[in-house]
Amino acid sequence: MLRAGGAVLAAGLVGAAAAGAPPAGRRLRLVITDAERGRVVVSQPVAVGEHLTLRYTHSVSKRPVEEEFSIAAPGRLAMEEMRFDTFGANLPVGPEHIGATTTTFLRGKDGYRVLHHGRVLGEVQLMVNSRRSGQVLLLPGGRRVRLLDVAEYGTRLKWSVEGGPGAWP
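So, how was this worked out
- Residues numbered from 1 in each chain as written.
- Predicted model: local features only at pLDDT ≥ 70, side-chain atom pairs only at ≥ 80, totals over all residues.
- Heavy atoms only, no water.
- Helix = DSSP H or I, 4+ residues; strand = E, 2+ residues; numbered from the N terminus.
- Buried < 20%, exposed > 50% of the residue type's maximum accessible area, 1.4 Å probe, protein only.
- Contact = heavy atoms within 4.5 Å.
- Areas by Shrake-Rupley, 256 points an atom, 1.4 Å probe, with all protein chains shown as cover.
- Polar contact = N/O pair within 3.5 Å; in protein donor to acceptor, adjacent residues only side chain to side chain.
- Salt bridge = Lys/Arg side-chain N within 4 Å of Asp/Glu carboxyl O.
- Pairing = 2+ DSSP bridges.
- Phe/Tyr/Trp six-rings, centres within 6.5 Å; stacked < 30°, edge-to-face > 60°.
- pLDDT = per-residue confidence, 0-100.

1. Quick word on the overall build of the protein chain
Across its full length, the protein chain carries 1 helix and 14 strands. Of all 169 residues assigned to the protein chain, the portion counted as buried reaches 44%. Nonlocal contacts in the protein chain, meaning residues at least 24 apart in sequence, comprise 59% of its contacts between residues at least 6 apart. Of the roughly 8700 Å² of accessible surface on the protein chain, a fraction of 50% belongs to carbon and sulfur atoms.

Written as structure tokens, this is what we have:
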């Protein structure tokens, strides 16, 4: 479990993804549901290679944090990188070993980047935080979703990509 700026991300690691795109005519969708109620709060078509970014204000440092994900073949979420400009509780301070992946920790003039090298995830879970955290999800195509606009404070959201492996008979 990764706790970042009060946002709880539980990322289940999955075995290596099979290469290739979904079968012709199959479309991928990013689906975000209220984990307790099963209600879909966001649904959007996505394609392999597209990126989405979660932006929020860290609960301790009160500084911006970005977590970037991608849609990986054959239709799963992958963690690409995390960016922040100052250290805070539960933020990385160096490379980390997560499953079979070792992150790369970079320091630049604008802050820190933690590269996750396209680490394939199962579903991602996130707790909706207060207005102060300002959790915003930037989706492919420029769509911007403020999480408090689609779910109440304290709601556990589950992110997944539908139309990927296992979705076909």
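That covers the picture; the talk isn't over yet.
2. Describing unusual backbone geometry
Along the chain, Ala73 connects to Pro74 via a cis peptide bond; the corresponding omega equals 0°. Relative to the assigned elements, Pro74 resides in the loop between strand S6 (64-72) and strand S7 (76-84). Of note, Lys62 is a non-glycine position whose phi angle comes to about 60°, a positive value. Within the secondary structure, Lys62 sits in the loop between strand S5 (51-57) and S6. One non-glycine residue, Asn90, lies in the positive phi region at around 65°. One can find Asn90 in the loop between S7 and strand S8 (97-98).

3. A word on the environment of Arg63
Mapped onto the secondary structure, Arg63 falls in the loop between S5 and S6. Once the C-alpha coordinates of Arg63 and Thr86 are considered, the two residues, 23 residues apart in sequence, prove to be 7.2 Å apart. If we ignore the near neighbours within four places in the chain, the residues touching Arg63 are Tyr56, Thr57, His58, Asp85 and Thr86. Among the polar contacts made by the side chain of Arg63, one reaches the side chain of Asp85 at a distance of 2.4 Å.

4. Quick look at the pattern of salt bridges
Once the charged atoms of two side chains with opposite charge are near each other, the side chains can pair. The final tally for this structure, using the stated rule, is 9 salt bridges. The partner of Asp34 in a salt bridge is Arg37, with the nearest N and O atoms 2.8 Å apart. Given a relative accessible area of 1%, Asp34 falls into the buried group. A relative accessible area of 61% places Arg37 in the exposed class. Between Glu66 and Arg83 there is a salt bridge, with the nearest N and O atoms lying 2.7 Å from each other. Highlighted residues: Glu66 in strand S6 and Arg83 in strand S7, separated in sequence by 17 residues. What makes Arg83 partly exposed here is its relative accessible area of 21%. Because the salt bridges share partners, they merge into one network encompassing Arg55, Glu66, Glu68, Glu81, Arg83 and Arg113.

5. Notes on the pairing of strand S4 (residues 40-46)
Sheet topology places strand S3 (residues 28-34) next to S4; 6 bridges connect them, and they run antiparallel. Of the residues in S4, the one forming a bridge with Leu28 is Val46. Count of turn residues in the S3/S4 antiparallel hairpin: 5 residues, of which Gly38 carries a positive phi of about 75°.

6. A short note on the packing of aromatic side chains
In this structure the tally under the stated criterion is 6 aromatic pairs. These aromatic residues form a ring-pair network of at least three members: Phe84, Phe87, Phe105 and Tyr112.

7. A closer look at the confidence of the model for the protein chain
Of the residues in the protein chain, 81% reach a pLDDT of 70 or more, and the chain-wide mean stands at 84. Overall, residues 1-20 carries pLDDT values under 50, and its contacts beyond four positions in sequence, including any with other chains, amount to 54 contacts.

8. Here we look at the side chain of Glu81
Take Glu81: it is sitting in strand S7. By relative accessible area, which is 11% here, Glu81 ends up buried. Polar side-chain contacts of Glu81 include one of 3.2 Å to the side chain of Arg83. When neighbours within four sequence positions are excluded, Glu81 is seen to be in contact with Glu66, Glu67, Glu68, Arg113, Val114, Leu115 and His116.

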